[in-house]
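Listed below are the residues making up each chain.
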Amino acid sequence: MNDKRYFRIISGAAMALLLAFAAVLLTLAVDSVPTLQVLGLGFLTGKQWNPVTKQYGALPFLSGTLLTSFVALLVSLPLSLSVGIVMGEYLRNSFLSKAMSIFINLLASIPSVVYGLWGMTTIVPLVQKLEGAAGVAPYGVGILSASLVLAVMILPYMASLTAEVMQRVPNSMREAALALGTTRQEMILGVSIPYIRSGIAAGILLALGRALGETMAVTMLIGNATRMPNSVFALGNTLASVIASQFNEAESDLHRSAMMALALVLFILSFLTNLLGRRIIGKTENGNV
């Protein structure tokens, strides 16, 4: 009887989650229909966004989203891997590893607006100096500033997952490599990291999903310019930031529909990225690291 009751509870919760997911997707899809009827696939490839002339092209925001996310990954990946390796290999099961884990979890729990304020007061002045040295307009805000703050925000996801899968490397493999005369560093690079490559990939995908949907900090730092970004110093916009800054000011039904279509694109991107990451995590938990 208890098993049947628990099964009903779990089934009901799963059904509720599925219905919520379907409701969100259906709402976005239905509200996007007017834009897709008028613009078709040109909505995704259009470079102009001008509500006055009813031109709605998502490509500048899609490009800004992907550029900020991938630059953030490039910046964060070396530090995340280093922290994860130190926690999972050198400090495994120690007090320092647990302390670092708590600190990383605290980083993940900091509100986005706090990261945005920190970026405005710390990162933007540094980027202004870098832009001045590079001979470009020293706006400070832009793709680079948003990416650097995003790099800090996604670090906990990659670092914690790397540390977790690093601890799953069999001791027999470590001992065999060391017995053959390799140094500990060579053992990590030649044995441990290849063994956990799927786990590292999963962490990267989960961090990418986090970066794609980040809103407040990016809105504060990216410059909110509706243009195709041509460098990391350029002003820009992302799918999330343009929705946050323009949705309440939509001038027409078509404008609001275009906002919903942007939300649908972001929803699909984030869902597919997180789904792939979770599938990889599922394989690692089954022993296929």
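In this text, all values refer to a predicted model and were calculated from it rather than measured experimentally.

Considerations on the overall build of the protein
Point 1. When helices and strands are counted, the protein shows 12 helices and 2 strands.
Point 2. Of the regular secondary structure in the protein, the N- to C-terminal order runs α-α-β-β-α-α-α-α-α-α-α-α-α-α.
Point 3. Taken along the three principal axes of its C-alpha coordinates, the protein extends 70 × 70 × 30 Å.
Point 4. Sorting the 289 residues of the protein into buried and exposed places 42% on the buried side.
Point 5. By sequence separation, contacts in the protein at least 24 residues apart represent 73% of the contacts at least 6 residues apart.
Point 6. Accessible surface, the protein as shown: approximately 15,100 Å² in total, 67% of it carbon and sulfur.
Point 7. When the 18 basic and 12 acidic side-chain charges of the protein are each reduced to a single mean position, those positions are 5 Å apart.

Some thoughts on the nonpolar core
Point 1. The biggest cluster of nonpolar side chains holds 27 residues, and the ones touching the most others in it are L73, Y115, V149, L150, M153 and I154.
Point 2. Elements with a minimum of two residues in this core: α3 (59-90), α5 (112-134), α6 (143-166), α9 (197-213) and α10 (216-221).
Point 3. Broken down by element, this core gets its largest block of residues, 9 residues, from α6.
Point 4. In contact with Y115, not counting residues within four places along its chain, are L107, I110, V149, V152, M153 and A217.
Point 5. Formed by 21 residues, the second largest nonpolar core is a distinct cluster that contains F43, Y56, A58 and M259.

Points about the packing of α6 against α9
Point 1. Following both chains from N to C, one finds α6 and α9 inclined at 155 degrees, their axes separated by 9 Å at the closest point. Considering their axes alone, α6 and α9 lie roughly antiparallel with respect to each other. The two elements α6 and α9 cross, and the hand of that crossing is right-handed. Contacts between α6 and α9 involve L150, M153, I154, Y157, M158, L161, T162 and V165 from the former and G199, I200, A202, G203, I204, L206, A207, R210 and A211 from the latter.
Point 2. Along the lines of polarity and charge, the residues of the contact of α6 with α9 split into 13 nonpolar, 3 polar and 1 charged.

Considerations on the side chain of T238
Point 1. Residue position: T238 is located in the loop between α10 and α11 (239-246).
Point 2. Once residues lying within four places of it in the same chain are set aside, the contact partners of T238 are F61, G64, T65, T68, V218 and I222.

Thresholds applied
- Residues numbered from 1 in each chain as written.
- Predicted model: local features only at pLDDT ≥ 70, side-chain atom pairs only at ≥ 80, totals over all residues.
- Heavy atoms only, no water.
- Helix = DSSP H or I, 4+ residues; strand = E, 2+ residues; numbered from the N terminus.
- Buried < 20%, exposed > 50% of the residue type's maximum accessible area, 1.4 Å probe, protein only.
- Contact = heavy atoms within 4.5 Å.
- Areas by Shrake-Rupley, 256 points an atom, 1.4 Å probe, with all protein chains shown as cover.
- Lys, Arg positive; Asp, Glu negative; His and termini not counted.
- Charge placed at Lys NZ, Arg CZ, Asp CG, Glu CD.
- Core = buried A, V, L, I, M, F, W, Y, C linked by side-chain atoms within 4.5 Å.
- Axes fitted to C-alpha atoms, helices over the stretch in contact; angles between N-to-C directions.
- Parallel < 35°, antiparallel > 145°, perpendicular 65-115°, else oblique.
- Left-handed = near helix turned anticlockwise from the far one by under 90°.
- Nonpolar A, V, L, I, M, F, W, Y, C, P; charged D, E, K, R; others polar.

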